[in-house]
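Okay, here's what each chain looks like letter by letter:
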Amino acid sequence: MGEFTLYVQLLEDELSDGIEEVLDPYVEAYESVSYEQSNIDADERAGVLVPERALGIDEIEAFAEIFKELDGDPAVHDLSLWGPGSTRFPIRAYHHALQNLSDPDRYQFHALDNRETLVICDTPGDLRQAKSDIGSAGLVTGGGAKF
């Protein structure tokens, strides 16, 4: 199991060869990426596929790179940054909102671009505190959790 888990939902109409065409390149390209069992419920919307496996990722740099690539992929319907298999819990926040964190030393940060940062939380309690401190206006929509 990876330190981070990325759950992907795909649009069936955008896939030519199947789910593997989207996820396999990451498992092959990164030593820190492997498949792990996905424990999330299937999306009941027509045309949305939920793979039986999620990406387990052991490095934050790899996690951020893969997230950015998949976020721009037309075959991707939704990305969940953590779920039942995760041991660390990232959330997307706007840079300006990070000043609202009451105890920034309890988090790790990784900039995604010139507007967004991944705030890495080590426990569900840290996650709740970060979300509360940052507030809904400072959180980027999408990339939440999937259970």
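For the structure, check the block above.
Predicted model, so just to flag it, every value in this text is computed and none were measured.

Student: Please give an account of the sheet that holds strand β7 (residues 108-111) that cites residues and values.
Tutor: As a general point, the strands of a sheet are linked pairwise by backbone hydrogen bonds and lie either parallel or antiparallel. Strand order in the open sheet formed by three strands is β6-β8-β7, with antiparallel pairing between adjacent strands. Single-partner strands in this sheet number two, and they are β6 (89-94) and β7. With direction set aside, neighbouring strand axes in the sheet form an average angle of 30 degrees. For β7 and strand β8 (residues 116-121), the ladder comprises four bridges, and the chain directions are antiparallel. The partner of H110 across the bridge, within β8, is L118.

Student: Help me get a handle on the pattern of salt bridges, residues and values and all.
Tutor: Any two side chains of opposite charge can pair if their charged atoms end up close together. Under the defined criterion, the tally for this structure stands at four salt bridges. Residues E3 and R88 are paired through a salt bridge, measuring 2.7 Å at the closest nitrogen-oxygen approach. You can see E3 sitting in the segment before β1 (4-11) and its partner R88 sitting in the loop between β5 (76-80) and β6, a full 85 residues away along the chain. In this structure R88 comes out as buried when scored by relative accessible area, which is 12%. In this structure, the salt-bridge partner of D126 is R106, at a minimum N-O distance of 2.7 Å. Residue D126 is found in helix α3 (residues 124-134), and its partner R106 is found in the loop between β6 and β7; the two are separated by 20 residues along the sequence. Among the ionic contacts, a cluster of salt bridges with common partners joins E3, R88 and D122.

Reading the values: the criteria
Residue positions are given per chain, counted from 1 along the sequence in the order it is written. Given that the model is predicted, a residue must reach a pLDDT of at least 70 before its local features are reported, and side-chain atom pairs must reach 80 or more before they are shown or counted; all residues, however, enter totals for whole chains, interfaces and linings. The side-chain numbers reported here are obtained from all heavy atoms of the structure, hydrogens and water having been left aside. Strands pair, by our definition, only if DSSP identifies at least two bridges between them. Helical segments are the DSSP runs of H or I of at least four residues, strand segments are the runs of E of at least two, and each set is numbered from the N terminus. All axes are obtained by fitting lines to C-alpha atoms, using only the stretch in contact for helices, and the reported angles, taken between N-to-C directions, cover 0 to 180 degrees. Salt bridge, as used here: a side-chain nitrogen of Lys or Arg that lies within 4 Å of a carboxyl oxygen of Asp or Glu. Think of it in three bands: with a 1.4 Å probe and only protein chains considered, a residue is buried below 20% of the maximum accessible area for its type, exposed above 50%, and partly exposed in between.

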